[in-house]
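The primary structure of each chain is shown beneath.
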Amino acid sequence: MPTVREPSSEIDAHHSGVKRAGLIGHPIAHSRSPAMQQAAFGALGISARYELWDAPDAAALAGRVAALRQLDMLGANITIPWKEAVIPLLDDLDDSAYHIAGAVNTITRAETAHGVRLTGYNTDAPALDQTLDKQGAWSGAQRMLILGAGGAAQAALGIAFMRGVEPWLAARRAETAREAMAKLAARLPVPEHWRDHTLALDDLSTLTATLRDSQILINATPVGVGDAGASPLPLDLLAALPSGAAVLDLIYAPPETALIRAARVRGLRAEGGLPMLLYQGALAFTLWTGQPAPLDVMSHALAIE
Ligand code: NAP
């Protein structure tokens with residue numbers, strides 16, 4: 001295993017009994033996790049620090065993961081681009097990561113009779129499930145349309161399978177959507193016909209027809225990040241959604257995207273990405289500490305960012 005040279009402040013933490021958790025990814029400077037997790041540690045009187053552990057390449061990733069075996073470590077979050085690449089570096093995978101999302105966003109560290117074990121979890125998938133549940137989106141839902149075919153879309157696909165809701169996937173290229181469906185079929189026993197549930201985002205007639213039969217619409221593309229005017233689909237197409245449909249945009253900055261604004265104007269139940277960000281962080285906090293997460297404190301820390 002590659003070793004990691006730690007800055008002296010981190011070594012001080014090691015000797016002072018302060019536990020550490022952190023975010024491994026690249027780029028990570030914009031992350032809201034430190035504010036949210038630090039507030040939670042503070043609220044519960046846990047002597048721990050949440051740090052940013054930049055990993056620009058595979059060697060840095062391996063070094064950061066190896067460092068999690070140290071005594072003072074609670075665990076880590078993993079983000080883009082390492083959610084899948086981290087898997088071979090871990091000892092165990094939880095079902096949330098192995099079957100449901102096909103990726104890891106949280107690592108726990110445990111001392112066992114056989115040494116330290118690092119386990120990979122995915123808290124994005126249950127957080128997505130929880131957000132849709134709070135929206136009342138699952139009730140009566142038969143079809144979900146997911147825009148985008150990356151990691152977040154995989155979590156949505158896995159959750160759709162668990163909920164018995166048929167997913168459709170729209171990506172810039174239909175081929176990308178087909179590959180994403182094949183990835184899902186490789187880890188879960190999905191019905192054969194799901195592999196045809198794919199379309200290209202610019203195929204507006206198929207998109208409109210799919211929207212007509214979808215009770216849930218999820219934006220899992222980054223279109224709209226930092227741009228309250230951008231939308232992953234022409235907003236007039238929202239008129240095709242059934243009147244009781246729920247719209248979830250995974251983007252949390254801005255908190256209200258053009259998609260969410262238009263869905264609300266249409267009278268649909270619409271939610272941005274902040275609740276999911278909160279729930280995934282809360283689940284990770286509980287995995288590291290064994291304590292219920294202080295949701296109010298964490299939510300406040302997210303909102304004031
Ligand atoms: P990812 O793995 O990079 O996937 C992004 C997907 O979006 C890809 O399918 C990509 O398509 C597509 N895409 C990129 N630019 C696009 C464009 N201009 N038009 C149409 N499609 C485009 O990213 P991810 O992890 O799935 O994350 C997706 C979004 O969800 C991000 O904004 C992320 O911040 C957000 N997210 C939020 C939470 C939360 O807690 N709220 C959790 C996870 C993710 P191609 O394959 O064609 O490139």
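Above this text you will find the structure in question.
This is a predicted model, so every value here is computed, not measured.

K.L.:
Sorry if this is basic, but what is going on with the packing of helix 6 (residues 151-163) against helix 7 (residues 174-187) here?
P.N.:
Pairs of packed helices are described in terms of their axes, by the angle between the two and the distance that separates them. Contact geometry of helix 6 with helix 7 gives a least axis separation of 10 Å together with a crossing angle of 50 degrees. If you check the angle between helix 6 and helix 7, you find them oblique. For the element pair helix 6 and helix 7, the recorded crossing hand is right-handed. Together, Q154, L157 and G158 of helix 6 and A180, M181, K183, L184 and R187 of helix 7 make up the contact between the two elements. By residue class, the composition of the contact of helix 6 with helix 7 is four nonpolar, two polar and two charged.

K.L.:
What is the right way to look at helix 6 in this model?
P.N.:
Residues spaced three or four apart along an α-helix face the same direction, because each turn holds 3.6 residues. With 13 residues, helix 6 extends 19 Å between its outermost C-alpha atoms, agreeing within 8% with the 18 Å of an ideal straight helix rising 1.5 Å per residue. Among the residues of helix 6, A153, Q154, A155, A156, L157, G158, I159 and A160 are the ones counted as buried. The inward-facing, buried residues of helix 6 abut helix 4 (95-101), helix 5 (124-135), strand 7 (143-147), strand 8 (166-171), helix 7 and strand 10 (216-219). The first or second residue beyond helix 6 is G164, which carries a positive phi of 70 degrees.

K.L.:
In this structure, what is going on with the sheet that holds strand 12 (residues 269-271)? I would like to understand it.
P.N.:
One key point about sheets: their strands pair by backbone hydrogen bonds, in either a parallel or an antiparallel sense. What the six strands build is an open sheet, ordered 9-8-7-10-11-12; its pairing is parallel. Every interior strand has two partners, whereas the edge strands, strand 9 (198-200) and strand 12, have only one. Pairs of neighbouring strands in the sheet enclose a mean axial angle of 15 degrees, with direction left out of account. Bridge analysis of strand 11 (residues 246-249) against strand 12 gives three bridges, and the strand direction is parallel.

K.L.:
Is there a simple way to think about the pattern of salt bridges in this case?
P.N.:
Side chains that differ in charge, positive against negative, can pair when their charged atoms come close. Going through the model one piece at a time under the given rule, you end up with 14 salt bridges. A salt bridge links K83 to D124; its shortest N-O distance comes to 2.8 Å. Placement of the pair is K83 in the loop between strand 3 (73-78) and strand 4 (92-93) and D124 in helix 5, with a sequence separation of 41 residues. Residue D124 is classed as buried on the basis of its relative accessible area, which comes to 14%. D133 is the salt-bridge partner of R163, the closest N and O atoms lying 3.9 Å from each other. Placement of the pair is R163 in helix 6 and D133 in helix 5, with a sequence separation of 30 residues. For R163, a relative accessible area of 37% translates into the label partly exposed. Using a relative accessible area of 44% as the deciding quantity, one classes D133 as partly exposed. Each of the salt bridges in this network shares a partner with another, and the network as a whole consists of R20, R49, E51 and D72.

K.L.:
What am I meant to see in the pairing of strand 2 (residues 48-54) here?
P.N.:
Each regular strand displays side chains that alternate between the two surfaces of the sheet. In the sheet, strand 1 (residues 19-25) pairs with strand 2 via seven bridges, with the strands oriented parallel. Paired with K19 across the bridge in strand 2 is A48. On the question of chirality, the crossover connecting strand 1 to the parallel strand 2 by way of helix 2 (residues 33-43) is right-handed.

Procedures and definitions
- Residues numbered from 1 in each chain as written.
- Predicted model: local features only at pLDDT ≥ 70, side-chain atom pairs only at ≥ 80, totals over all residues.
- Heavy atoms only, no water.
- Axes fitted to C-alpha atoms, helices over the stretch in contact; angles between N-to-C directions.
- Helix = DSSP H or I, 4+ residues; strand = E, 2+ residues; numbered from the N terminus.
- Parallel < 35°, antiparallel > 145°, perpendicular 65-115°, else oblique.
- Left-handed = near helix turned anticlockwise from the far one by under 90°.
- Contact = heavy atoms within 4.5 Å.
- Nonpolar A, V, L, I, M, F, W, Y, C, P; charged D, E, K, R; others polar.
- Expected span 1.5 Å × (residues − 1).
- Buried < 20%, exposed > 50% of the residue type's maximum accessible area, 1.4 Å probe, protein only.
- Pairing = 2+ DSSP bridges.
- Salt bridge = Lys/Arg side-chain N within 4 Å of Asp/Glu carboxyl O.
- Right-handed = clockwise from strand over helix to strand, strands pointing away.

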